[in-house]
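Next come the chains, spelled out residue by residue.
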Amino acid sequence: MTSKTATIYDWVDERLGLSELAAFARHKTVPVHAQSFWYYWGGISLFLFLVQCFTGVLLLVYFRPGAESYESVRQITFVMHFGWLIRSAHAWSANLMMFSILVHMFSVFFMKAYRKPREFGWLSGMALLGLASVFGFSGYLLPMDELSYFATKVGLEIPAAIPLIGPTIANMLRGGPDVSEFTVQRFFALHVVVLPALFLPLLGFHLWLVQKHGNAAPPSEEAKPLSARKTMPFMPNFLRKDLAMWLISLNILALLASVFPWALGKAFDPLAPAPTGIHPEWYFMSPFEMLKLLGAFLPGAVGEIAGILLFTIGIVLWVLIPFYDSTSASGKRGRAAHYFGIVAVALLLATTAIGYWTIR
Amino acid sequence: MNYPFWDIPHIGSGWVIGMIAIFHVMISQFAVGGGLYLPMAERKALKMSNAEERADWLKQLASHSKFFLVLTAVFGTVSGVGIWFAIGLTHPEATSTLIHNFVFGWAMEWVFFMVELTTIAVYYYTWDRIDPKLHLKVGWVYAGASIATLVIINGILSFMLTPGDTWIGVAGTGHEASKFWNAFFNPTYWPSLFLRSCVCASLAGIWALITASRIDGDKQPALKTSMVKWSVKWLVPSFVAMPFLMIWYYSMVPASQRALLTLGIDTINSGTFSVVTRMALIIIVTSATIVGVAYFLAYRNPTEFNLSHALSVLLLALMATGAGEYSREMLRKPFVIGRWMYSNGVRVPSVSKVNANGYLAESNWVWNGSPSGYSRGEAIFRGECGSCHTLDGYRPLRQLLAGRDRTNIENFIVMLHENKADSPYRRFMPPMVGTKQDVADLAEFLNAQVNPPAPNSTKAVLTAQK
């Protein structure tokens, strides 16, 4: 460092405490073992979120919510230079982010990284996943093409089925009894103001916790004596690999956005019959299909209520796992939680597959 | 139209070439770049003053040369011959033109190819058996022969995009081979050669990373570090030169073809309208970032660099190569040989003759005089559309024409037949050639596919009768 740079660095350091941060980063390590690969998925999710922020702001320049939303998306896709690319990258990164968050969640679950002292990491992660799903649901409607219109209409029937308060919630989200331009306006506000305002601080909290507690080693690794465990410095070794993963993700995103650019269907027509094969996005397919299957056994309102109840219990049990599987030893409860995870993955995959199979 | 048509449903015959060619290019360009990598690495090792380091490098290179031999001399050779079979069946007219024009070029290619095969076998089997200096010389002979194969095949491949005015002047006269050198050193020859040379160097480094990743970083950290770092450096020339070479190549491509590259800037209309632009984007993003991936994963963490990392870099290279070769093929549209032969094998000067006499009358193999319009339409579909379209798979006509009725389909074909200057389709689709009856027959066949008759009506004849 030249004397001038050193002086500037000292000036900033005195005010922001950069040396402490650098010292912290130098000492931070990441466990190295057979499952280390799964550590990158949180970073990949973060990268894809950043891509969405960037492309989302660009889309915001031309998108006009309300009655003109379809026309503005049509212009972005077919008139603006590389508008289709920005829109495709936005849509594909949203889907890839949902995928990587799910992979991240299940890897955290199976490595039992939710145990003490990482309970808040798990809870904030679950809240981020919930918000990301609402991001997906609200963003899907914005182009207001035939498919997004009918999928949203069907999707909003789920909260409407909640006893007593359901219809009021659904009406509030729709801005009336039907999905219309008012719904787009509301979803737009949700998508670009409310959700980011909730998501960003929560993300900051989540990342701070990761820095504070570091990466958790799986129980099999923790069972080893300290001398047998391998680690690598976070700075710069892990960070470099993280950056390489980001570049690989960028390439996969570029490949998908270019080879399969996001299509735009016909403009919605509320009077037209719903086209065949209307289905929710893939990450909602599993709950959608589970409710559908349950409805086949228990027809009518009973089925709907039972479905929502069962679903709520399942999610609550999943979210609260750190509190009933808290010991670090692989005891009976630890194994039960493991089986719970396997059942959840199997159910998710099976119902998603059945869902896609039955819309063919 | 002198040969039978090879009908491949669902994927189309073009993809048979594509699937073989993309892997072949990955390996054949490795054969060229790796051919240079081996003697250069051996020379570097022989100059090392530390005997232990020298021995480690040479041992590693011997192991890499085994991988190189198996991959290039077995898979590369088999897939190369596979391309010959595939292009002969898929594009017999174009292959025939190339053979008539470049028969001596190909003969030279085969000579160098035989030298390559021989020397790489000698190179591998004589490690530690002959004098190191002689062994190195064998490596240089291999490198020379493999570069020569690139120098030759590049002339033929670039000819197909830009045959040049001189060759076009004699095309069809029977004296095409007299302009061999003009055709060979065509307008895109040099930018294409430099581009491919850079890709060859990159692939040499990328494939070498595969074998280097297998070195145990805990047991031999010094060897792994030096080997990985040296291999990554092979990616640098293309990273630096690629943007300039691409601009050079772009400037030598005819304006009509350049227009194809810009078609997809503001739209995602289906099919060829925008595919070249989209593929070009993949090439740019992947080429620009692959060095970053190799830098972070390999250069800065050489001892921890493992096979999964190496495979990630290789897959990115496959993506860039696949997109590059696909774009190059697509950039020729609507021709298979620029300005001379359309992508469906119809020669440009014979259009008026076919329009006067009828497509089937000018075809020796597809037609036997069946009176059914449907059968004639099917035969015309195979000949004129089948090079690029399938009915229900790749670029599916059932889907692309969906929603049109019989009249509408016929009007569309008439538009392709008239091929007016302002038609957007003429940029990448050949004109539909033939008589009015041919247009009606093709419309009948396609209409039966898009709007199939009700099951209880009279069954149409399903295949061209022999």
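Right, let's get into the overall build of chain A. Broken down by element type, chain A carries 16 helices and two strands. Against the 2.2 N^0.38 benchmark of 21 Å for 360 residues, chain A shows a C-alpha radius of gyration of 23 Å, consistent with a compact globule. Overall, chain A is about 70 × 60 × 35 Å in size when its C-alpha atoms are taken along their principal axes. For chain A, with 360 residues in total, the buried portion stands at 32%. Residue pairs at least 24 apart in sequence account for 76% of intrachain contacts in chain A once pairs closer than 6 positions are excluded.

Moving on: the overall build of chain B. Per the secondary structure count, chain B includes 17 helices and two strands. Taking the principal axes of the C-alpha coordinates as reference, chain B spans close to 85 × 45 × 40 Å. Taking all 466 residues of chain B together, the buried fraction comes to 45%. Here the analysis covers contacts within chain B between residues at least 6 apart in sequence; of these, 75% occur between residues at least 24 apart.

Looking now at the nonpolar core. All names here are of chain B. Ranked by size, the top nonpolar core spans 178 residues in total, and within it Leu203, Ala204, Ile282, Ile290, Val293, Ala294 and Val313 carry the most contacts. Sort the elements by how many residues they give to this core and helix α11 (residues 272–299) lands first, with 15 residues. Aside from chain neighbours lying at most four places away, what touches alanine 204 is Phe30, Gly33, Gly34, Leu36, Tyr37 and Trp234.

Another point: the domain arrangement of chain B. All names here are of chain B. For chain B, the assigned domains are domain 1 (13–342) and domain 2 (351–450). Taken over C-alpha atoms, the centre of domain 1 sits 37 Å from the centre of domain 2. Taken together, the ten residues of domain 1 in the interface contact eight residues of domain 2. Looking at the side of domain 1 that touches domain 2, the elements that each hand over two or more residues are α1 (13–46) and α10 (255–262). With three residues, α10 is the single largest residue contributor to the side of domain 1 that touches domain 2.

Let us now look at the confidence of the model for chain B. Residues and elements named next belong to chain B. Scored by pLDDT, chain B has a mean of 91; 95% of the residues are at 70 or more. Scored below 50 in pLDDT, residues 462–466 makes ten contacts in the model with residues more than four places away or belonging to other chains. Among the prediction metrics, the complex's ipTM stands at 0.84, with pTM recorded as 0.88.

For the rest of this paragraph, the subject is the packing of helix α5 (residues 83–110) of chain A against helix α12 (residues 234–259) of chain A. Residue and element names in this part refer to chain A. It is the contact of α5 with α12, at a shortest axis distance of 9 Å, that shows an interaxial angle of 125°. The orientation of α5 with respect to α12, classified from their angle, is oblique. In this structure, α5 meets α12 at a crossing whose hand is right-handed. Across the interface between the two elements, Leu85, Ser88, Ala89, Trp92, Ser93 and Leu96 from α5 touch Leu253, Leu256 and Ala257 from α12. For the contact of α5 with α12, the class distribution of residues is seven nonpolar, two polar and no charged.

For the bond from methionine 235 of chain A to proline 236 of chain A, the omega torsion is 5°, close enough to zero to count as cis. Mapping proline 236 of chain A onto the fold places it in helix α12. Phi is positive for arginine 339 of chain B, close to 60°, though the residue is something other than glycine. Since 16 C-beta atoms lie within 10 Å of it, arginine 339 of chain B is described here as partly exposed. The backbone phi angle of arginine 395 of chain B is positive, close to 45°, even though this residue is not glycine. In this fold, arginine 395 of chain B is placed in the loop between α14 (373–385) and α15 (397–400). Given 17 C-beta atoms within a 10 Å radius, arginine 395 of chain B is considered partly exposed.

Let us look at the environment of phenylalanine 135 of chain A. Structurally, phenylalanine 135 of chain A can be placed in helix α6 (residues 119–141). Placed 53 residues apart in sequence, phenylalanine 135 of chain A and phenylalanine 188 of chain A show a C-alpha to C-alpha distance of 9.9 Å.

Moving on, we get to the interface of chain A and chain B. Taken together, the contact pairs 22 residues of chain A with 20 residues of chain B. Among the secondary structure elements, those contributing two or more residues to the side of chain A that touches chain B are α4 (69–78), α5 and α12 of chain A. It is α12 of chain A that contributes the most residues to the side of chain A that touches chain B, 13 residues altogether. Of the residues that constitute the side of chain A that touches chain B, the class distribution is 15 nonpolar, five polar and two charged.

Our focus in this paragraph is the packing of helix α16 (residues 406–418) of chain B against helix α17 (residues 436–450) of chain B. A pair of packed helices is characterised by two quantities: the angle between their axes and the separation of those axes. Residue and element names in this part refer to chain B. The contact between α16 and α17 brings their axes to 9 Å, and the two run at 135°. With respect to α17, the axis of α16 lies oblique. In this structure, α16 crosses over α17, and the sense of that crossing is right-handed. When α16 is examined against α17, the residues Arg406, Ile409, Glu410, Ile413, Val414 and His417 are found in contact with a partner set consisting of Val439, Ala440, Leu442, Ala443, Leu446, Asn447 and Val450. Of the residues belonging to the contact of α16 with α17, the class tally is nine nonpolar, two polar and two charged.

Let us now look at the domain arrangement of chain A. Residue and element names in this part refer to chain A. The domains assigned to chain A are domain 1 (29–278) and domain 2 (279–360). For domain 1 and domain 2, the distance between their C-alpha centres works out to 20 Å. The partner domain 2 presents 18 residues to the 25 residues of domain 1 that form the contact. In terms of residues, the side of domain 1 that touches domain 2 owes the most to one element, α6, which gives seven residues. Within the side of domain 1 that touches domain 2, the residues separate by chemical class into 17 nonpolar, four polar and four charged.

What counts, and at which threshold
Residues numbered from 1 in each chain as written. Chains lettered and ligands numbered in written order. Predicted model: local features only at pLDDT ≥ 70, side-chain atom pairs only at ≥ 80, totals over all residues. Helix = DSSP H or I, 4+ residues; strand = E, 2+ residues; numbered from the N terminus. Rg over C-alpha atoms; globule rule 2.2 N^0.38 Å. Buried ≥ 20, exposed ≤ 12 C-beta atoms within 10 Å, placed from the backbone. Contact = placed C-beta atoms within 7 Å. Core = buried A, V, L, I, M, F, W, Y, C linked by C-beta atoms within 7 Å. Domains from an automatic or database assignment. pLDDT = per-residue confidence, 0-100. Axes fitted to C-alpha atoms, helices over the stretch in contact; angles between N-to-C directions. Parallel < 35°, antiparallel > 145°, perpendicular 65-115°, else oblique. Left-handed = near helix turned anticlockwise from the far one by under 90°. Nonpolar A, V, L, I, M, F, W, Y, C, P; charged D, E, K, R; others polar.

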